[in-house]
Structure formats: structure tokens, C-alpha cells
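Chain by chain, the residues:
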Amino acid sequence: MTEKPKPRDLIRMSHDEVDAFIKTGRTALLATQGPRGWPHVVPMWFGYFDGNIWFEAHSKSQKVLNVRRDNRVTVTLERGDTYDQLRGISIDGEAEIVDDPETLWRIGVSEWERYHGPYHDGLRSEIESMLHRRVGIQVRPIKIRSWDHRKLNLPRSEVAGSTAPETHEARS
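Just so we're clear, the structure is a prediction, and the values are computed from it rather than from any experiment. (Residues numbered from 1 in each chain as written. Predicted model: local features only at pLDDT ≥ 70, side-chain atom pairs only at ≥ 80, totals over all residues. Heavy atoms only, no water.)

1. Observations concerning the overall build of the chain
Going by this rule: In this text, helices come from DSSP runs of H or I with a minimum length of four residues, and strands from runs of E with a minimum of two, each type numbered from the N-terminal end. A simple rule labels every residue: compare its accessible area, found with a 1.4 Å probe on the protein chains alone, to the largest value its type can have, and call it buried under 20%, exposed over 50%, or partly exposed in between.
A tally of regular secondary structure across the chain gives six helices and seven strands. Shown N-terminal to C-terminal, the secondary structure of the chain runs as helices and strands in the order α-α-β-β-β-β-α-β-β-α-α-β-α. Expressed as lengths along the three principal axes of its C-alpha atoms, the size of the chain is roughly 55 × 50 × 40 Å. Buried residues in the chain amount to 38% of all 172 residues.

2. Concerning the sheet that holds strand β1 (residues 28-33)
Rules: Any two strands with at least two DSSP-identified bridges between them are counted as paired. Under this scheme, a helix contributes an axis fitted over its contacting stretch, all axes are lines through C-alpha atoms, and angles between N-to-C directions fall in the 0 to 180 degree range. Whether two residues touch is decided by their heavy atoms; if any such pair falls within 4.5 Å, the residues are in contact.
If you walk across this open sheet you meet the seven strands as β2-β1-β5-β6-β7-β4-β3, and the pairing is antiparallel. Each edge of the open sheet carries a strand with a single partner, namely β2 (39-44) and β3 (47-49). The mean inter-strand angle of the sheet, taken between neighbouring strand axes irrespective of direction, is 30°. With six bridges connecting them, β1 and β2 associate as antiparallel partners. Bridged to glutamine 33 within β2 is proline 39. Contacting β1, β2, β4 (52-58), β5 (72-79), β6 (87-98) and β7 (134-148), helix α3 (residues 62-69) runs over the sheet at an angle of about 50° to β1.

3. Examining the pattern of salt bridges
Heads up, the condition is: Salt bridges are identified by distance alone: a Lys or Arg side-chain nitrogen within 4 Å of an Asp or Glu carboxyl oxygen.
Tallied over the entire structure, the rule returns ten salt bridges. Ionic pairing is found between arginine 12 and aspartate 9, a salt bridge with its closest N-O pair at 2.8 Å. The class for arginine 12 is partly exposed, based on a relative accessible area of 40%. We classify aspartate 9 as partly exposed; its relative accessible area is 39%. The partner of arginine 145 in a salt bridge is aspartate 92, and the shortest N-O contact between them spans 2.9 Å. On the criterion of sequence distance, the pair formed by arginine 145 in strand β7 and aspartate 92 in strand β6 is long-range, its members being 53 residues apart. The class for arginine 145 is partly exposed, based on a relative accessible area of 27%. Residue aspartate 92 is classed as partly exposed on the basis of its relative accessible area of 24%.

4. Describing the environment of threonine 74
The following threshold applies: Polar contacts, as counted here, are pairs of nitrogen or oxygen atoms within 3.5 Å of one another; within protein the pair requires one atom able to donate a hydrogen and one able to accept it, and residues that are adjacent in sequence qualify only if both atoms are side-chain atoms.
Residue position: threonine 74 is located in strand β5. On the basis of relative accessibility, which here comes to 23%, the residue threonine 74 falls in the partly exposed class. Separated by 68 residues in sequence, threonine 74 and isoleucine 142 place their C-alpha atoms 9.8 Å apart. Within the structure, threonine 74 has its side chain in polar contact with the side chain of aspartate 92 (distance 2.9 Å).

What follows is the structure in C-alpha cells.
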């Protein structure tokens, strides 16, 4: 007797799909534990190398203080404007503050290339300036959840409702 696959199993991404999704992601949500126990969630640009997501942040920022106190974090990336196109990943992981110059430089170059284009030596001073008084945050995955509703082969939906671009344009 063959067991029917669970809906969750149908939409789960493979390791290669998760890797490709992260490589093409733009903004990640980083969730840390705030000083009073509330989640502290912030959108972040990020680098990606050695199989890990890396952030750079001001050394005295709330997210860095939170990670120093409790290194458990969750990182989420998502895309899709309609249910049939919704996909994303959520990573529960352990964060480590990194301040060695070589790793911090790798984070800076990885972020630069992700958001601005290829790095070349003429950009050195811009990246050095970007990294001034910064530390790195490495996220080591413990558990990865993923979903890709495109695998459900649902009928294509149109973006609609009060958040649709056309609705916003009409209100302006």
C-alpha cells in the first residue's frame, strides 16, 4: 500500500533548489531575540558563501547585541505575489559574531556583488568605508524549512486586492 504524499512534501525544495533560491535572493529577514524577550525582526542585505548566509552590521546595533546575548536566530527569504507563486525558506540557526578583517572583507565583497555588480580593485575604498565599525554575523543552519507553491501546479492567479500595484497607482 502506497502512502499518499503529504502536502508539505510536495512543496519542499531540494538542497540545490534552496541553494539557488538563496543565491538569487535580495532581502532576508533576520529575527533575533530582543532584550525583553520580544522577537526583533529586521530586513537585511546579505552575503552568501561557504554554504552560509552572512550579514554585516554596526558593531553596537540591536541585532548584534541580541546575537551576543542569545545566538539563536531565524532567517527568512520569500518571493511571490500570489499564492500559486509563493516560495521561500526559513532557516533556524546559530549566529556567530565575526570580526576578523579577512572574513569581514569577504562579506563586504559578497554583498557588493549581490547588490551593485562585480567587484574590482577600484571599489576597495567604498567597501572599506561600508565595513567601518562593522562586524559580521555568520548564520550556521540547524533546520531549514522551504516551500515552493509553483510545484502544486495551481492555476495562475493575477495580483489583485488592495495591495495590487494598480490599486496603489489609482489612489495616488
